[in-house]
Amino acid sequence: MVPNKINGLIVADLHSHTRASDGSLSAAQLLEIAEARGVNLFAITDHDSVESVAAGRAAALERKVNYVAGVEISAQWRDVPIHVVGLNIDESDASLLAGLSSTRAMRTDRAKAMGASLAHSGIANAFDGARRHATHPELISRSHFARYLVDSGVCASNGEVFSRFMKPGKPGYVPVNWMSVEAAIALIHGAGGCAVLAHAARYDTEALGGVSSLISDFKNLGGDAIEVICSGHSPSDWANFAALARRFELKASIGSDFHSHAESKVRIGDLPRLSPSLTPVWQDWSIAQNTVFPNRR
Ligand code: AMP
Ligand code: MN
Ligand code: MN
Ligand code: MN
């Protein structure tokens, strides 16, 4: 047994998706890639689902990878849809499971409305097409519509689908009344986890005082951390969000937001380390202090 010291040498990737939401790989495949790429602290964070969490934990036991349970909750700040990642959660927490279940029901209603809206714009059968791309009828994401619209030749790329059909104001976009940021933070805290504001550079916050206004509210509502280094952020965003984490005394997280080899620009673990001037989100996690992997080959 070779002790694998990770304290001080943590290579974390704390944002990823499996087929349980809109990723295209299994939990075991993600853990295999994480280990191969030298990641030693990993989380699966499917949209509104913890279905793959246990499979990820079982796969991590076979590998030199420490693992925390995660989820990415669809929420909203005022009328802006945002994502709150929950890390190191107890995925069996009953309130969390109930909240995720209602959120998935909203996804189903939205997907039907998106299908109707696209049909109105001359694109038939999009709901059925998206449904065929999804693993579960209750977890249909805009990504599944995007895959259908590309497969059926309506658009050349996912990027084209999002800019023509899946953004606010476009024909396939249907707004949803997701849970509030407060509610998402409360569910994550109730499940013993850390609440992390995901990829904040991606939100349209301009009319509401900009992203610092969102981060200030997130902090005041009890949020724990923000993603600083992630695939949704450019290198200049890394510096801006590092400064925002320090200014609002929030911890910092890092994650590839990996979905699939074909669609994700950033591979698992393929991000720079967090600056030592930041407090990492895993600071107080006992799993991140482990120095041996007793069960690993
Ligand atoms: P949903 O949670 O169903 O609203 O879908 C959001 C998902 O769509 C995100 O998690 C990404 O996987 C994907 N997505 C969002 N914006 C884009 C974009 N501009 N291009 C490609 N995929 C995107
Ligand atoms: Mn996604
Ligand atoms: Mn997201
Ligand atoms: Mn994500």
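Now for a look at the structure at hand. Not measured: the values here are computed from a predicted model.

**Concerning the site of ligand 1**
With respect to spatial proximity, the complete set of residues near ligand 1 consists of Asp22, His47, Arg107, Arg110, Ser141, Arg142, Ser143, Phe162 and His259. The separation between an oxygen atom of ligand 1 and a polar side-chain atom of Asp22 is 3.1 Å. Arg142 places a side-chain nitrogen or oxygen 2.8 Å from an oxygen atom of ligand 1. Taking 500 Å² as the accessible area of ligand 1 by itself, protein coverage stands at 78%. Secondary structure elements with two or more residues in the shell around ligand 1: α3 (94-120) and α5 (142-151).

**Let's talk about the pairing of strand β8 (residues 251-255)**
Counting buried positions along β8 yields four of five residues, so the element is predominantly enclosed. As paired elements, strand β7 (residues 225-230) and β8 share five bridges and run parallel to each other. What sits directly across from Ile226, in β8, is Ala252. With respect to chirality, the unit in which β7 leads through helix α9 (residues 235-247) into the neighbouring parallel β8 is right-handed.

**Structural notes on the coordination of the manganese ion (ligand 4)**
Around the manganese ion (ligand 4), the protein contributes the donor atoms His15 (NE2), His17 (NE2), Glu72 (OE) and Asp257 (OD), at 2.1 to 2.2 Å from the metal centre. Here the donor residues of the manganese ion (ligand 4) share one chain and are spaced in sequence as H-x1-H-x54-E-x184-D. In this structure, the manganese ion (ligand 4) lies 4.6 Å away from the manganese ion (ligand 2). One end of the pair, His15, is in the loop between β1 (12-13) and α1 (27-36); the other, Glu72, is in strand β3 (residues 66-77), and 57 residues separate them in sequence.

**Looking at the packing of α5 against helix α6 (residues 158-166)**
For the pair α5 and α6, interaxial distance at closest approach is 9 Å and the crossing angle is 110°. With respect to α6, the element α5 is oriented roughly perpendicular. Regarding α5 and α6, the two cross each other, and that crossing is right-handed. Counting all contacts with α5, which are made through Arg142, Ser143, Phe145, Ala146, Arg147, Leu149 and Val150, the residues of α6 involved are Asn158, Val161, Phe162, Phe165 and Met166. Taken together, the residues of the contact of α5 with α6 break down into eight nonpolar, two polar and two charged.

Rules used in this analysis
- Residue positions are given per chain, counting from 1 as you read along its sequence in written order.
- Chains and ligands are labelled by the order in which they are written, letters from A for the one and numbers from 1 for the other.
- Note on the predicted model: pLDDT of at least 70 is required for a residue's local features to be given, and 80 or more for side-chain atom pairs to be given and counted; whole-chain, interface and lining totals, by contrast, use all residues.
- In computing side-chain properties, one takes all heavy atoms of the structure into account and sets aside hydrogens as well as water.
- We call a residue near a molecule or strand whenever a single non-hydrogen atom of that residue lies within 4 Å of it.
- Distance and chemistry together define a polar contact, namely a pair of N or O atoms within 3.5 Å, with one atom able to donate a hydrogen and the other to accept it when in protein, and with adjacent residues in sequence counting only for side-chain atoms on both sides.
- Only the protein chains shown count as cover for residues, and the accessible areas themselves come from Shrake-Rupley with a 1.4 Å probe.
- Counting from the N terminus, the helices are the DSSP runs of H or I reaching at least four residues and the strands are the DSSP runs of E reaching at least two.
- To sort residues, take the accessible area from a 1.4 Å probe on protein chains only and compare it with the maximum for the residue type: under 20% means buried, over 50% means exposed, and anything in between is partly exposed.
- One requirement defines pairing of two strands: DSSP has to find at least two bridges between them.
- Orient the strands so they point away from the viewer; a crossover is then right-handed if the path from the first strand over the helix to the second runs clockwise.
- Any N, O or S atom lying within 2.8 Å of the metal counts as a donor, with the limit raised to 3.2 Å for Na, K and Ca; because water is left out of the atom set, some sites can appear incomplete.
- Orientation is described by lines fitted to C-alpha atoms, with helices fitted over the stretch in contact, and by angles between N-to-C directions that extend from 0 to 180 degrees.
- Angle categories: roughly parallel below 35 degrees, roughly antiparallel above 145, roughly perpendicular from 65 to 115, and oblique for all the rest.
- Helix crossings fall into two classes, left-handed where the near helix is turned counterclockwise from the far one by less than a right angle and right-handed where it is turned clockwise.
- Contacts are assigned to residue pairs that have any heavy atoms within 4.5 Å of one another.
- Here the term charged refers only to Asp, Glu, Lys and Arg, the term nonpolar to Ala, Val, Leu, Ile, Met, Phe, Trp, Tyr, Cys and Pro, and the term polar to all other amino acids, Gly among them.

Shape descriptors only; they carry no functional weight alone.
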